[in-house]
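Observations on the three-dimensional arrangement
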Amino acid sequence: MRVTQGCFSFLPDLTDEQISLQVQYCLGKGWAVNIEFTDDPHPRNNFWEMWGLPMFDLRDAAGVLMELTECRKVYGDRYIRMSAFDSSHGWESVRLSFIVNRPKQEPGFRLERHEVAGRNIRYTTKSYAVDRPEGGRYGGQ
Amino acid sequence: MNSPAGSSAVPRGASQTPPIAKVDLRREFNEVGIGEVLDQLDRDLIGLKPVKTRIREIASLLLIERIRKRMSLTSEVPTLHMSFTGNPGTGKTTVALRIASILHKLGFVRRGQVVSVTRDELVGQYIGHTAPKTKEILKKAMGGVLFIDEAYYLHRPDNERDYGQEAIEILLQVMESQREDLVVILAGYGDRMDRFFASNPGFRSRIAHHIDFPDYSDDELVAIAELMLRDMNYKFSPDARAAFISYVTLRKNQPLFSNARSIRNALDRMRLRQANRLVADLDRVLTADDIMSLEASDVLASRVFGKASG
C-alpha cells in the first residue's frame, strides 16, 4: 500500500529533476530545507530522524541534492522526505514537506480491533513493516 | 526513485531547445551583457594588464562554448576552476567577484554568488569535524563560485595528521564530479601556491586557468589612490598629490607592503589626520572644498617620511 504523506504523494514519484525544482522553489522563498528518514511509516509518526542539520543559507538546489544522494546511499531502503522550514516571524514552522524516497515494497497497514468493556470496540492501525526490528524492516541490511 | 541520483540538479535551458544553425555573434555578445562587465573591469581596475587579457580570453572562450552548446556541437561542461596567484592587495578577490558575474551572465554558474573562505572555514578542529564543515561550505557555494583565499594553508606538510588533507580530498572530489554546479577559485601568493600545487598534483590538473597577478607600478598605485578617494568624495590638493607620489615610493620599499590594501590603509590614516586638522581650528567657516581635499601636511605627517629622514 502506497504511503501518502505530505505534498505530491498522490502523484507518481518525483524525479531528481523535479525534486531539485521543488527545492529551488523553497530556497527562493528563503526556507531552510531538511532531509529526514524513517522506517516507521505510521501516519502519527511525526518525528523522523534527521539527516544532518537543517541546511540554512543555501542558494542552489545542487547542495541539497548532494545530501540526498548521500542519504540514499545509506538509507535507500527507507522513507526519505524533505521538509522546508520557514523561520520568518509568525510562521516559524514547516511550510512544505514531500517524500523523495520510498521502499520498494510497502506492505501496508492492518486494522486491529480491541474489545473493551461493554463490547465496545477500539480500533488501531499498525504497519506490517514494524513487526520486524528497526533497520531490517524493508529488507535492508 | 525513477532516475539515478545525478549530480546535475537543474537542467540548462539551452539543452532543451533544438540545435540552431546560425548565430549572430554581435547580438549574442550584447545579449549576455558581458561586454559591459568587461568594460567595467577595464575602467574600475587599474593596471593588471595580463589579468584583463586572460579574462577577456576566458570570456570569449565561454561565449563560443555557449554557442557550440546551442548548436549541439558540445555537451561537455568546460572546466572553469581557476587559480589566482599574486602578492597581497593585487585585486584577487575583486577579480573573483567579476569573474563570478561573467560566469553567471554566460550561464555557466546558475546563481553567481561568491562564497569566500579560508582554511578556518573548511578544516575542523578534531576528527570527524572536517567533512561536515567542508561539505556545508560546498553546499552554500553550489551554483556559484567558491573562493578559497590563501589555499596553501589547507596543506600542512609538517604535520601528516593534519585535517587539511581531508578537506582537500572532499574538494577535489566535488571539483571533479560537480563541475556544472560549482566553480572553485584558489588564491594565494605565487611561490607558496607553486609549492602547494607541487604537493597536490590533483589540484593542478583540475584547474584550467592559472592567472598571475603582477604587482602595481608606482603610477598605478597613485591612480588607485585617486580612484579610491573619488569614490569616497575626497581629493588630493596638488601639493598633496606630489607628496603622495613620494610616499608611495618610500612605502614600497618598506616591509609588509601589500599593494592596494596598503594604499587604502594609508588613505584612511590621511583622512583621520585631515579631520583632526580641521577640528583643531574651530573658529572658521568650512567650504565643501575644504572638507573634500587632503593637504600635503596630511600626507607628510606619515611615519614613512619620519623613517626616511631619520
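Residues numbered from 1 in each chain as written. Chains lettered and ligands numbered in written order. Predicted model: local features only at pLDDT ≥ 70, side-chain atom pairs only at ≥ 80, totals over all residues.

The next thing to look at is the overall build of chain B. Counting its regular elements, chain B contains 15 helices and seven strands. With the C-alpha coordinates aligned to their principal axes, the bounding extent of chain B is approximately 80 × 55 × 30 Å. Burial analysis of chain B (310 residues in total) assigns 34% to the buried set. Residue pairs in contact within chain B that sit at least 24 positions apart in sequence constitute 80% of those at least 6 positions apart. (Helix = DSSP H or I, 4+ residues; strand = E, 2+ residues; numbered from the N terminus. Buried ≥ 20, exposed ≤ 12 C-beta atoms within 10 Å, placed from the backbone. Contact = placed C-beta atoms within 7 Å.)

Let's shift gears to the overall build of chain A. Across its full length, chain A holds two helices and six strands. Taken from the N to the C terminus, the helices and strands of chain A come in the order α-β-β-α-β-β-β-β. Based on the C-alpha atoms only, the size of chain A along its principal axes is roughly 60 × 40 × 25 Å. The long-range fraction of contacts in chain A, counting pairs at least 24 apart against all pairs at least 6 apart in sequence, stands at 54%.

We now examine the sheet that holds strand β1 (residues 82-86) of chain B. All names here are of chain B. Strands sit in the order β2-β3-β4-β1-β5 across an open sheet of five strands; the sheet is parallel. Since the sheet does not close on itself, it has two edges, and those belong to β2 (114-117) and β5 (209-213), each with one partner. Between one strand axis and the next, the sheet turns by 20° as a mean value, whatever way the strands run. Two elements, β2 and strand β3 (residues 145-148), share four bridges in a ladder whose sense is parallel. Along β3, the bridge assignment pairs valine 117 with isoleucine 148. (Pairing = 2+ DSSP bridges. Axes fitted to C-alpha atoms, helices over the stretch in contact; angles between N-to-C directions.)

A separate point is unusual backbone geometry. Phi angles above zero are rare outside glycine, and serine 72 of chain B is one such case at about 60°. Tracing the backbone through its elements, the reader meets serine 72 of chain B in the loop between α3 (49-70) and β1.

Residue and element names in this part refer to chain B. Model confidence for chain B is summarised by a mean pLDDT of 85, while 93% of its residues fall at 70 or above. When mean pLDDT is compared element by element in chain B, β3 scores highest at 94, while helix α15 (residues 303-309) scores lowest at 68. Across residues 1-15, confidence stays below pLDDT 50; counting only partners more than four residues off in sequence or on other chains, it has 34 contacts. What the predictor reports for the complex is a pTM of 0.81 with an ipTM of 0.82. (pLDDT = per-residue confidence, 0-100.)

On the side of chain A, 22 residues touch chain B, which itself brings 19 residues to the contact. Considered class by class, the residues forming the side of chain B that touches chain A number seven nonpolar, seven polar and five charged. (Nonpolar A, V, L, I, M, F, W, Y, C, P; charged D, E, K, R; others polar.)

Residues and elements named next belong to chain B. Residues Val145 and Phe147 point to one face of β3 and Leu146 and Ile148 to the other, with burial holding for every one of them. With four bridges connecting them, β3 and strand β4 (residues 183-188) associate as parallel partners. Looking at β4, one finds that isoleucine 148 is bridged to leucine 186. Following the chain from β3 across helix α7 (residues 164-177) to the adjacent parallel β4, one finds a crossover that is right-handed. (Right-handed = clockwise from strand over helix to strand, strands pointing away.)

Okay, the pairing of strand β3 (residues 79-86) of chain A next. Residues and elements named next belong to chain A. For β3, the buried fraction is high: six of the eight residues fall into the buried class. Bridging between strand β1 (residues 32-38) and β3 involves seven bridges; their strand directions are antiparallel. Bridge pairing in β3 places threonine 38 opposite tyrosine 79. Direction of pairing for β3 relative to strand β4 (residues 93-101): antiparallel, over a ladder of seven bridges. Bridge assignment links isoleucine 80 to a residue of β4, and that residue is asparagine 101.

Here the focus is the nonpolar core. In terms of nonpolar packing, the biggest core is built from 76 residues, with Val33 of chain A together with Ala96, Val145, Leu146, Phe147, Val184 and Ile185 of chain B touching the most fellow members. Each residue touching valine 184 of chain B, except ones within four places of it in the same chain, is listed here: His81, Leu146, Ile148, Leu171 and Met175 of chain B. One finds Val222, Ile224, Leu229 and Leu267 of chain B within the second-largest nonpolar core, a separate group that totals 19 residues. (Core = buried A, V, L, I, M, F, W, Y, C linked by C-beta atoms within 7 Å.)

All names here are of chain B. Packing of helix α2 (residues 34-44) against α3 brings their axes to within 11 Å, and their N-to-C directions diverge by 175°. As the angle between them shows, α2 and α3 are arranged roughly antiparallel. Note on element contacts: α3 touches α2 through Lys52, Ile55, Arg56 and Ala59, opposite Ile34, Leu38, Leu41 and Asp42. Here the residues of the contact of α2 with α3 are counted per class, giving five nonpolar, no polar and three charged. (Parallel < 35°, antiparallel > 145°, perpendicular 65-115°, else oblique.)

Next up on the list: helix α11 (residues 238-252) of chain B. Because the α-helix completes a turn every 3.6 residues, residues three or four places apart line up on one side. Residues and elements named next belong to chain B. The first and last C-alpha atoms of α11 sit 22 Å apart over 15 residues, in line with the 21 Å expected at 1.5 Å per residue. All of the buried residues in α11 are Ala240, Ala243, Phe244, Tyr247, Val248 and Arg251. Around the axis of α11, the buried residues are gathered within 150° of arc, so they sit on the same side. (Expected span 1.5 Å × (residues − 1). Arc of directions from axis to C-beta.)

With that settled, the discussion passes to the environment of isoleucine 102 of chain B. Residues and elements named next belong to chain B. Following the sequence through the fold, isoleucine 102 ends up in helix α4 (residues 92-106). For isoleucine 102, a count of 23 C-beta atoms within 10 Å translates into the label buried. Put simply, isoleucine 102 and isoleucine 58 are 44 residues apart on the chain and 9.7 Å apart in space, counted from C-alpha to C-alpha. Setting aside anything within four residues of it in sequence, one finds isoleucine 102 in contact with Ile34, Val37 and Ala59.

Before going further, it helps to spend a moment on the sheet that holds β4 of chain A. Spatially, the four strands line up as an open sheet ordered β2-β1-β3-β4 (chain A), and their pairing is antiparallel. Only two strands of the sheet have a single partner each, and these edge strands are β2 (49-50) and β4 of chain A.

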